[in-house]
Amino acid sequence: MEYKSRQALRPALAWGLFVALAAALIFRAQWCMNGPDESYYLAKTYAMLMGVRPLADISALTQISNILLLPLMWLYRLVTGGLDGVYLASRVAAVLLQTGAALAVWRWLRQITGEWAALAGGLLCQLFIPLNLTALSYNSMGLFFILLFFACAEPLARRPGFWRAFGAGVCFALAAAAYPPLVVTAPVAMVMVWRAERSRRLLALGGLCAGGAVPAAVVLGWLTARLGPAGLIEALPNLFAKDVAHQGSGGLLASARQYLSDFVWWFGLAYLAAVVLVTLLAAALRFLPGAAWLRPVFWAGFALVAVWGLVMRPGGLFWINFKLVPLALLGPALFLAVQPKKPAAGLLLWVAGVLYSGGIALGTDVGLVNASYGFLLCDLAALLWLEEEVCRHSGACLRRWAGASALLAALVLVQLAGIRFFTDYAGDLFACRVRIESGPSAGMWDTTDTVSYYNQTCEDLRGQVQPGDSLFVMNVLPWAYMACDSLPNTPDYWIHSAADPMIQWYYEQPGRQLPQVVYLAGPLPDGRANYNLEQPLAECLEEGWIRDRLLEDYRPQPGRTGTFYLRAE
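To start, this report covers the structure provided alongside it.

What counts, and where the lines are drawn
Residues numbered from 1 in each chain as written. Predicted model: local features only at pLDDT ≥ 70, side-chain atom pairs only at ≥ 80, totals over all residues. Heavy atoms only, no water. Core = buried A, V, L, I, M, F, W, Y, C linked by side-chain atoms within 4.5 Å. Buried < 20%, exposed > 50% of the residue type's maximum accessible area, 1.4 Å probe, protein only. Contact = heavy atoms within 4.5 Å. Pairing = 2+ DSSP bridges. Helix = DSSP H or I, 4+ residues; strand = E, 2+ residues; numbered from the N terminus. Lys, Arg positive; Asp, Glu negative; His and termini not counted. Salt bridge = Lys/Arg side-chain N within 4 Å of Asp/Glu carboxyl O. Polar contact = N/O pair within 3.5 Å; in protein donor to acceptor, adjacent residues only side chain to side chain. Phe/Tyr/Trp six-rings, centres within 6.5 Å; stacked < 30°, edge-to-face > 60°. Axes fitted to C-alpha atoms, helices over the stretch in contact; angles between N-to-C directions. Parallel < 35°, antiparallel > 145°, perpendicular 65-115°, else oblique. Left-handed = near helix turned anticlockwise from the far one by under 90°. Nonpolar A, V, L, I, M, F, W, Y, C, P; charged D, E, K, R; others polar. Patch = residues over 30% accessible without salt bridge, like charges linked within 9 Å, V, L, I, M, F, W, Y side chains within 5 Å. Areas by Shrake-Rupley, 256 points an atom, 1.4 Å probe, with all protein chains shown as cover. Expected span 1.5 Å × (residues − 1).

## Examining the nonpolar core
- Counting residues in hydrophobic clusters, the biggest one holds 200 residues, and the most contacted among them are Phe149, Phe150, Phe298, Phe302 and Trp479.
- Setting aside anything within four residues of it in sequence, one finds Phe150 in contact with Trp108, Pro155, Val188, Met192, Leu348, Leu349, Ala352 and Leu377.

Below, the structure written as structure tokens:
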């Protein structure tokens, strides 16, 4: 009875841990406003809310993720009467969605592995977030929905059913909508359905397709209602338009070379050679007769290379992403050495992680930086295989294996927690001592200089831009659109070069008008890069079409943190 009581207590303790961690992450979300990136995720949703047409008036593939956020922003404005505090609300929503995904992964892993491995997997999913940005971005939503997809789809092999498959289909479609390159993981989805009992495969396939069709139909129906069938077809090429900062590396082959060279750049040839050596040792264990004497050598090498990779600090701002890479690279070695009795779940996770990473790398131009968080799935596979190896031992040997595995998992989790709670993507967390009282970032804390810059910019915008006026902000300061109830009139929300040909192309489209106000923002404080000019004046811009328009058709109006250019009527 005592044993059963302890077993029953574990889920309650785990639930408490996840809830407490979510509360701590929500508390942490109040500190340090990220200017460019985080507001980029929100600004396009805000534009759609204000009547800007998706696809027709907005470029970039990632705008589909903003359609998913539109109901949440609409509801927030309906409840609060405005968009003050929408930054913090988005962060809270991100924590809640991530916690839901982590709980789903934990509950699923408990069905196929031990309690502690399942708990470590769930915590890994709750502590890691792409780029250490607690936000509902295309990056984070794509990852969270893929995790929810696995939690729904993998159990189909044991308990096939229409509604479980339906839920998996919904999650997969939402992941692909959030970040379209994730469609490359579709073969894994089909294999998961195929693993169901033969008599119920068609039922599971029907559920998967029906579930996937629901979000697709909603998004497509809304786009058709906004643009009309002909307008939708005409605007589709805008999905693939890129600003000058995201032109890619010159095709699939060049992107693949860039992706592979990134591993060398961030981790070094010595580390990659060590990974290859450990994998060769594992292959020898698996395929060479009489190679059992190599087993202690392999595990010593595996532990050394894993710890070596995990204690590295490559990437600066992207430090958190690269904590996922070492165990992912060592996945094949682990699989060969452990030879799991039921390999399907781990293999599906690892293959999906590799496809996820490769799809992002080849489908975008961000290389390993953004592609690395797909390796979270590979790390979950590694936890499954490590747990199986631990369970093969007994007595003192079991205790040693369990202790070593726990230390390795703790090395990952403690570092992720430290990065998540005590570092920030864009500023000095411990210098954030002033609270923001109004505007989209209301309720958050930041440095004195940053809050002063923010307040002055908001006041200037409200003074120069009337509600509903069309606005183009140069350079990368997307939250400015939300600070004054403006109507965004911009080819993209990441324009930071006056020489970008997208600007002229956009404003010369039939029926398009120049914005009523163009705002040249001055440099952000605290050394935070937003690509803006030291002198926010049209005369200081690069030679280009927009510079000529500002000098000929607009009159300047100085502000405290930048310069407004008002269109001459």
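## Thoughts on the sheet that holds strand S7 (residues 562-567)
- The strand order S4-S3-S5-S7-S6 describes an open sheet built from five strands, whose pairing is mixed. The sheet terminates laterally at strand S4 (487-488) and strand S6 (554-558), the two strands that pair on one side only.
- Relative to S7, S6 runs antiparallel, the two being bridged by five bridges. Along S7, the bridge assignment pairs Arg555 with Leu566.

## Observations regarding the side chain of Lys44
- Relative to the elements of secondary structure, Lys44 occurs in helix H2 (residues 36-49).
- Lacking a salt bridge, the buried Lys44 has Asp492 as its closest oppositely charged neighbour, with an N-O distance of 5.2 Å.
- At 2.9 Å, the side chain of Lys44 forms a polar contact with the side chain of Thr62.

## Brief notes about the packing of aromatic side chains
- Going through the model one piece at a time under the given rule, you end up with 32 aromatic pairs.
- A ring pair is formed by Tyr138 and Tyr179, whose centres lie 5.0 Å apart and whose planes are at 70°; its orientation type is edge-to-face. Of this pair, Tyr138 sits in helix H6 (residues 138-153) while Tyr179 sits in the loop between helix H7 (162-178) and helix H8 (186-194), and the two are 41 residues apart along the sequence. The exposure classification of Tyr138 matches that of Tyr179, with both residues buried.
- Taken together, a centroid distance of 5.0 Å and an interplanar angle of 45° make the contact between Tyr454 and Trp479 tilted. Taken as a pair, Tyr454 in helix H20 (residues 448-464) and Trp479 in helix H21 (residues 479-482) lie far apart in primary sequence, 25 residues in all.
- Each residue in the set Tyr40, Tyr41, Tyr138, Tyr179 and Trp494 is aromatic and connected to the rest through ring pairs, giving one cluster.

## Here we look at the packing of helix H12 (residues 295-311) against helix H19 (residues 395-422)
- Between H12 and H19, whose axes approach to 10 Å, the crossing angle comes to 15°. Considered as vectors, H12 and H19 are oriented roughly parallel to each other. Between H12 and H19 the crossing geometry is left-handed. The residues of H19 that touch H12, namely those facing Trp299, Phe302, Ala306, Val307, Leu310 and Val311, are Trp401, Leu408, Leu411, Val412 and Gln415.
- Across the contact of H12 with H19, the residue classes break down as ten nonpolar, one polar and no charged.

## A word on a nonpolar patch on the surface
- A surface patch of nonpolar side chains, about 440 Å² in accessible area, is lined by Trp74, Leu75, Leu78 and Val79.
- Relative to the helices and strands, Val79 resides in helix H3 (residues 63-80).

## A word on the environment of Leu25
- Within the fold, Leu25 resides in helix H1 (residues 2-28).
- Along the sequence, Leu25 and Val451 sit 426 residues apart, while their C-alpha atoms lie 22 Å from each other.
- Beyond its immediate chain neighbours, meaning those up to four positions away, Leu25 contacts Val95, Gln126, Arg420 and Phe421.

## Re the environment of Val366
- By the element assignment, Val366 lies in the loop between helix H16 (344-363) and helix H17 (367-371).
- Take Val366: its relative accessible area is 26%, and that puts it in the partly exposed class.
- The spatial distance from the C-alpha of Val366 to the C-alpha of Gly206 is 35 Å, given a sequence separation of 160 residues.

## Overview of H12
- The first and last C-alpha atoms of H12 sit 24 Å apart over 17 residues, in line with the 24 Å expected at 1.5 Å per residue.
- The elements touched by buried residues of H12 are helix H11 (269-287), helix H14 (325-329), helix H15 (331-338), helix H18 (375-390) and H19.

## A word on the side chain of Thr45
- Mapped onto the fold, Thr45 is located in helix H2.
- Taking relative accessible area as the criterion, Thr45 reaches 1% and is therefore assigned buried.
- Residue contacts for Thr45: discarding those within four places in its chain leaves Asn66, Leu69, Leu70 and Met73.

## Thoughts on the packing of H6 against H7
- Where H6 meets H7, the axes come as close as 8 Å, and the angle between the chain directions of the two elements is 160°. If you check the angle between H6 and H7, you find them roughly antiparallel. Of the two possible hands of crossing, H6 and H7 adopt the one that is left-handed. Touching Tyr138, Met141, Gly142, Phe145, Ile146, Leu148, Phe149, Cys152 and Ala153 of H6 are Arg164, Gly167, Ala168, Cys171, Phe172, Leu174, Ala175 and Ala178, all from H7.
- When its residues are assigned to classes, the contact of H6 with H7 shows 14 nonpolar, two polar and one charged.

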